[in-house]
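Secondary and tertiary structure notes
As a plain string of letters, each chain reads:
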Amino acid sequence: MASSTNEPRVVRVSQKGQATIPKGLREKFGIETPGEVFVYEERGRIIIEPVPSPDELHGIHAGEHERGEVLERVREWKDEEKRQEEERVERLRPSEDA
């Protein structure tokens with residue numbers, strides 16, 4: 001039975017502070033091993049995001065761009081990820097009818 005990447009998982013943290021990102025999530029988000037991820041705090045939560053690969057970033061610097069256009073594109077990606085996270089939180093929040 002395949003496990004869902006939408007369900008919370010318990011991950012052990014080693015004495016060195018290391019944790020393993022489950023394989024299903026690494027595959028879903030294209031996190032290579034060895035590789036790098038962004039880790040930061042947002043609204044009281046720890047966020048882990050894949051660092052975009054050179055292929056994903058290819059072309060955003062090419063050609064002529066208006067000032068701030070590349071930054072705006074990255075912000076759009078982050079906004080979409082934030083929207084998806086908010087939807088996930090809503091799905092996991094206990095129903096008021098329960």
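These lines cover the structure that appears in this document, whether it is placed above or below. (Residues numbered from 1 in each chain as written. Predicted model: local features only at pLDDT ≥ 70, side-chain atom pairs only at ≥ 80, totals over all residues. Heavy atoms only, no water.)

Bridge analysis of strand β1 (residues 37–42) against strand β2 (residues 45–50) gives six bridges, and the strand direction is antiparallel. Across the sheet, residue Glu-42 finds its bridge partner in β2, namely Arg-45. Counting the residues between successive antiparallel strands, the hairpin from β1 to β2 contains two residues, one of them, Arg-43, with a positive phi of roughly 50°. (Pairing = 2+ DSSP bridges. Helix = DSSP H or I, 4+ residues; strand = E, 2+ residues; numbered from the N terminus.)

Relative to the assigned elements, Gln-18 resides in the segment before α1 (23–29). Judged by relative accessible area, Gln-18 falls into the exposed class, the value being 52%. If we ignore the near neighbours within four places in the chain, the residues touching Gln-18 are Arg-12 and Val-13. (Buried < 20%, exposed > 50% of the residue type's maximum accessible area, 1.4 Å probe, protein only. Contact = heavy atoms within 4.5 Å.)

Glancing now at the pattern of salt bridges. By the definition in use, this model includes seven salt bridges. Sharing partners across several salt bridges, the network here consists of Arg-45, Glu-85 and Arg-88. (Salt bridge = Lys/Arg side-chain N within 4 Å of Asp/Glu carboxyl O.)

On to the side chain of Glu-49, then. Inspection of the secondary structure assignment puts Glu-49 in strand β2. Not counting residues up to four positions away in its chain, the partners in contact with Glu-49 are Val-37, Phe-38, Tyr-40, Lys-78 and Glu-81.

Moving on to a nonpolar patch on the surface. On the surface, Val-39, Ile-46 and Ile-48 cluster together into a nonpolar patch covering about 330 Å² of accessible area. Tracing the backbone shows Ile-46 in strand β2. (Patch = residues over 30% accessible without salt bridge, like charges linked within 9 Å, V, L, I, M, F, W, Y side chains within 5 Å. Areas by Shrake-Rupley, 256 points an atom, 1.4 Å probe, with all protein chains shown as cover.)

Attention now moves to unusual backbone geometry. For the bond from Thr-33 to Pro-34, the omega torsion is -10°, close enough to zero to count as cis. With respect to the helices, strands and loops of the structure, Pro-34 is situated in the loop between α1 and β1. A positive phi angle, near 50°, is found at Arg-43, a position not held by glycine. Looking at where Arg-43 falls in the secondary structure, it is placed in the loop between β1 and β2. Judged by relative accessible area, Arg-43 falls into the exposed class, the value being 55%.

Keep in mind that these numbers describe shape and distance, not what the molecule does.
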